[in-house]
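Examining the three-dimensional arrangement
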Amino acid sequence: MPLKPIIRFGGDERTESLRASIREWLAHNLPDEFRCTAANPDYLPREAHERAVAFCRNLHEQGWFVPHWPAEYEGGGRGIVEQVVIREELAYAGAPLVNTNGVNMLAPVLFKYGTPEQKAEHLPTIARSERMWAQGYSEPEAGSDLASLRMTARRDGDDYVLDGQKTWTSNGVLADWIFVLARTSPVADKRQAGISFFLVDLQTPGITRRPIRSMTGYPTFAEEFFDGVRVPAANLVGAEGEGWTVGKALLDAERSNVTRAAQAQRYLDELIDWCQAQKGSTHDPLSDPANRIALARAVERVEVGRALSYRVAYQQAAGALDPALPSLSKLYHSELTAELRGLGAQILGPAGELMPDDPGAVLDGHFSEGLLLSLLHTIGGGTSEIQRDLISTVGLGMPR
């Protein structure tokens with residue numbers, strides 16, 4: 001079923017015409033293999049990822065891949081309302097939007113902190129899906145407590161020399177480049193001081209990359225070892241020692257969650273449609289009042305989540321974002337995604353444990369595979385526990 005906005009977010013004639021155009025285009029151009037899943041294509045096998053890249057290049061020709069970017073960097077130059085509509089429709093349909101690290105995380109940072117040369121080099125290649133990016137934040141002893149990172153960057157003439165290790169790197173297997181945080185000065189009283197933000201070509205000598213296989217069976221993550229890796233000083237984003245500020249801006253951009261809100265609506269609609277199709281059968285899930293109550297609660301939760309994502313988008317457009325709201329949105333949608341996938345697996349019963357490539361998989365194995373992937377969201381980008389801490393301290397002013 002088509003996406004039904006709970007709020008007509010800018011629902012004027014022009015916006016609704018855009019929504020209709022996107023749906024019609026997707027009906028003719030979205031490959032069938034992606035219609036049955038809303039999984040992040042960065043977590044797909046390489047062959048499927050390459051087909052997703054081809055789709056995104058086609059999408060870019062329509063001006064819908066990076067619709068909010070200025071035309072100077074091959075964007076569509078659209079406002080926040082149109083951006084939300086485009087993201088909603090693509091996410092709900094299952095469109096495989098590749099390079100989320102580059103589009104949703106790095107690009108906003110470059111627009112804010114990047115030099116003209118950095119913007120000119122990297123933004124067009126992201127828009128055209130020509131350069132895939134990985135996020136190099138976590139280390140063996142620095143995950144949620146990111147300020148404890150140990151990778152060093154020593155200035156040497158026109159270069160910085162990087163030494164250390166990154167792990168659990170999102171999109172680390174498929175990426176061409178990686179953005180990393182590294183320590184350019186010793187740990188001070190404030191551990192966040194002395195950290196810098198770098199752009200690194202993964203083909204640079206001295207980098208060893210090893211895949212990490214996830215629970216889905218795909219090697220989607222990677223760990224990287226940096227041994228005397230020389231990075232041009234021109235690849236430093238922001239000033240030396242201000243990487244923590246740059247990195248925080250990146251995470252704020254990551255947590256608007258308009259896309260994940262639309263995906264949650266799709267998960268719920270798929271599940272409800274399947275349950276209704278079972279009415280009158282010996283396995284009718286709606287005959288169990290516990291299932292009906294759980295589905296009703298899920299409807300409420302999804303509507304709240306989409307309203308929350310609209311609120312974040314509105315505040316971002318107004319340039320007055322509540323500093324705690326991105327953490328609240330990230331926490332809410334991470335937990336909601338896991339909750340919906342878990343509910344689906346429970347209602348589907350034993351069939352809900354079958355993966356997409358298993359014979360007899362129900363709903364294309366979406367909920368079984370999705371349940372495994374959803375666990376990543378409660379950890380990646382800052383754990384749910386960290387988000388609660390930020391909400392209490394930054395949002396409510398409570399002491400640590």
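You'll find the structure just up there.
This write-up is about the structure you can find in this document. Worth saying up front: this structure is predicted, and the values here are computed from it rather than measured.

We now examine unusual backbone geometry. Its identity as a non-glycine residue notwithstanding, Trp168 has a phi of 50°, on the positive side. Along the chain, Trp168 falls in strand E3 (residues 159–169). The exposure class of Trp168 is exposed, given its relative accessible area of 52%. The backbone of Asn171 sits at a positive phi, close to 60°, despite the residue not being glycine. For Asn171, a relative accessible area of 2% gives the class buried.

With seven of seven residues buried, strand E4 (residues 177–183) lies mostly within the body of the structure. Judged by which residues are buried, E4 turns out to be covered on both faces: Trp177, Phe179, Leu181 and Arg183 on one side and Ile178, Val180 and Ala182 on the other are all buried. Examined bridge by bridge, strand E1 (residues 133–136) and E4 share four bridges and lie parallel to one another. Each residue of the ladder has a partner; that of Trp133, found in E4, is Trp177.

For the rest of this paragraph, the subject is the packing of helix H5 (residues 100–113) against helix H6 (residues 116–127). Closest axis-to-axis distance for the H5/H6 pair is 11 Å, and the angle between their directions is 160°. When the axis of H5 is compared with that of H6, the two are roughly antiparallel. Here H5 and H6 pass one another in a crossing that is left-handed. Contacts between H5 and H6 involve Gly102, Val103, Leu106, Ala107, Leu110 and Phe111 on the former and, on the latter, Gln118, Lys119, His122, Leu123 and Ile126.

Thresholds applied
Residues numbered from 1 in each chain as written. Predicted model: local features only at pLDDT ≥ 70, side-chain atom pairs only at ≥ 80, totals over all residues. Heavy atoms only, no water. Helix = DSSP H or I, 4+ residues; strand = E, 2+ residues; numbered from the N terminus. Buried < 20%, exposed > 50% of the residue type's maximum accessible area, 1.4 Å probe, protein only. Pairing = 2+ DSSP bridges. Axes fitted to C-alpha atoms, helices over the stretch in contact; angles between N-to-C directions. Parallel < 35°, antiparallel > 145°, perpendicular 65-115°, else oblique. Left-handed = near helix turned anticlockwise from the far one by under 90°. Contact = heavy atoms within 4.5 Å.

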